[in-house]
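A look at the structure
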Amino acid sequence: MFKFASRDIAIDLGTANTVVYVKGRGIVINEPSVVAMEWFNGLRKVRAVGDDAKLMMGKTPEGIKTIRPLRAGVIADLEVAEQMIKHFISKAQAGGSRFTSSPEVVISVPSGATSVERRAIRDAVSNAGAGKVSLIDEPMAAAIGAGLPVRDPIGSMVVDIGGGTTEVGVISLQGLAYCESSRVGGDKMDEAISSYVRRNYNLLIGEGTAERVKMEIGAAKRSQESDNVSTYVRGRDVARGVPSEIMLTQAQVADAVAEPVARIVHVVRSALEHTQPEIAADVIDAGITMTGGGSLLREISTVLEYETGLPVRVADSPLDCVALGAGQTLEDPTYRGALVAF
């Protein structure tokens, strides 16, 4: 009987999206980290995962609930997280040759995660069917995926703005010379937009609507054209209790997200203050590289450039950098030193 070779997997288990990289094939899955659970006779089972589950958010009947098992980059619901990871691993296997053994899985973790949180992530992946489980810090994975010279004695700075956390890493010789993590990211921006709309218009909007507004017209600061860029926002009028629609401008969205953007800037400046002088000199030349979905917010690189005085660039495919970097540790043995001993 012919046996297929095992294919190892790298996973960027993000608060907002999960990206799966299969050795030899590249990225095969990029879906929301959402699970729809159905309660039946006191038992709960998985109804949908990923894209299908996200479509149900805010629209489920009694007996079905959409759950985001990760919050601020760490697992909040272990059982649901295991079901989600198991689904994504099975889906990755279905896309190519079959696995004859439990694959090795490299999974990214926030640099600020505690040992308990790291163990929860490792256990969830093991229970989902993985063989050997290795961890890699998100800033390191992002730097490798962005093509930074992490193996050289050259200082590099990466800012990874995800859904739940912002990770800032200063990297040299395949190690984190300094890292800082803050639980602010895309989710906090969505919450800020929802709060702004309710405070100023007495209108309740859902997570999906706030995210759509951020992606369509969101900006980190006002510009000359921001008053002329707008979108319709629909929700429920709190006072009258009926559906209502308002017009929101880019300038208003920039005002709404000003607080989370300021927190991101503070984390970056704090990391720069703690960076060793020789590495800081390298960062002046190389600048700051941004990854993660939050780096796609309009004008955020401009804000960072102004606040730090350093050149800032957004990596190619910023949403995939962490998964690509974790995948490189499977493809290239010289990157294995970036994995975290646990």
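Up top is the structure.
This is a predicted model, so every value here is computed, not measured.

**Considerations on the overall build of the protein**
Across its full length, the protein carries eleven helices and 18 strands. Its C-alpha atoms give the protein a radius of gyration of 21 Å, within 12% of the compact-globule value 20 Å for 342 residues. Its C-alpha atoms give the protein principal-axis dimensions of about 65 × 60 × 30 Å. Counting across all 342 residues of the protein, residues that qualify as buried make up 51%. Across the protein, the fraction of contacts at a sequence separation of at least 24, relative to all contacts at a separation of at least 6, is 63%. Carbon and sulfur atoms make up 49% of the accessible area of the protein, which totals about 15600 Å². Placing the 36 positive and 42 negative side-chain charges of the protein at their respective mean positions leaves the two points 7 Å apart.

**What about the environment of Gly24?**
Along the chain, Gly24 falls in the loop between β2 (17-22) and β3 (26-32). Judged by its relative accessible area of 64%, Gly24 is exposed.

**Quick look at the packing of helix α2 (residues 78-94) against helix α3 (residues 115-127)**
For the pair α2 and α3, the least separation of the axes is 8 Å and the interaxial angle reads 50°. The orientation of α2 with respect to α3, classified from their angle, is oblique. Taken as a pair, α2 and α3 cross one another with a handedness that is right-handed. Residues Leu78, Glu82, Ile85 and Lys86 of α2 form the contact with α3, whose own contacting residues are Ala120, Asp123, Ala124, Val125 and Asn127.

**A short note on the packing of aromatic side chains**
Pairs of aromatic rings are described using the distance from one ring centre to the other and the angle between the two planes. On inspection of all chains with the given rule, the structure shows zero aromatic pairs. The ring centre of Tyr335 lies 4.1 Å from the NZ or CZ of Arg151, which sits over that ring.

**Describing the packing of helix α5 (residues 186-201) against helix α8 (residues 258-273)**
At a minimum axis distance of 8 Å, the contact between α5 and α8 shows a crossing angle of 155°. As summarised for this structure, α5 and α8 are arranged roughly antiparallel, according to the angle between their axes. Residue-level inspection shows Lys188, Met189 and Ala192 of α5 in contact with α8, the latter providing Pro260, Arg263 and Ile264.

**Section: a nonpolar patch on the surface**
On the surface, Leu296, Val314 and Leu319 cluster together into a nonpolar patch covering about 240 Å² of accessible area. As for its position among the elements, Leu319 is in the loop between β18 (312-314) and α11 (321-331).

**Describing the sheet that holds β3**
Here we have five strands laid out as an open sheet, ordered β3-β2-β1-β9-β10, and mixed in their pairing. Every interior strand has two partners, whereas the edge strands, β3 and β10 (133-137), have only one. Pairwise comparison of adjacent strand axes, ignoring direction, gives a mean angle of 20° for this sheet. Here five bridges tie strand β9 (residues 105-109) to β10, and the two strands are oriented parallel to one another. Within the sheet, the bridge partner assigned to Val106 lies in β10 and is Ser134. Sheet strands touched by α2: β1 (9-13), β2 and β3. Its angle to β3, the strand with the most contacts, is close to 145°. Sheet contacts for helix α4 (residues 138-145): β9 and β10; angle to β10, the most-contacted strand, approximately 80°.

Quick notes on the rules
Residues numbered from 1 in each chain as written. Predicted model: local features only at pLDDT ≥ 70, side-chain atom pairs only at ≥ 80, totals over all residues. Heavy atoms only, no water. Helix = DSSP H or I, 4+ residues; strand = E, 2+ residues; numbered from the N terminus. Rg over C-alpha atoms; globule rule 2.2 N^0.38 Å. Buried < 20%, exposed > 50% of the residue type's maximum accessible area, 1.4 Å probe, protein only. Contact = heavy atoms within 4.5 Å. Areas by Shrake-Rupley, 256 points an atom, 1.4 Å probe, with all protein chains shown as cover. Lys, Arg positive; Asp, Glu negative; His and termini not counted. Charge placed at Lys NZ, Arg CZ, Asp CG, Glu CD. Axes fitted to C-alpha atoms, helices over the stretch in contact; angles between N-to-C directions. Parallel < 35°, antiparallel > 145°, perpendicular 65-115°, else oblique. Left-handed = near helix turned anticlockwise from the far one by under 90°. Phe/Tyr/Trp six-rings, centres within 6.5 Å; stacked < 30°, edge-to-face > 60°. Lys NZ or Arg CZ within 6 Å of the ring centre and 35° of its normal. Patch = residues over 30% accessible without salt bridge, like charges linked within 9 Å, V, L, I, M, F, W, Y side chains within 5 Å. Salt bridge = Lys/Arg side-chain N within 4 Å of Asp/Glu carboxyl O. Pairing = 2+ DSSP bridges.

Structural measurements only, silent on function.
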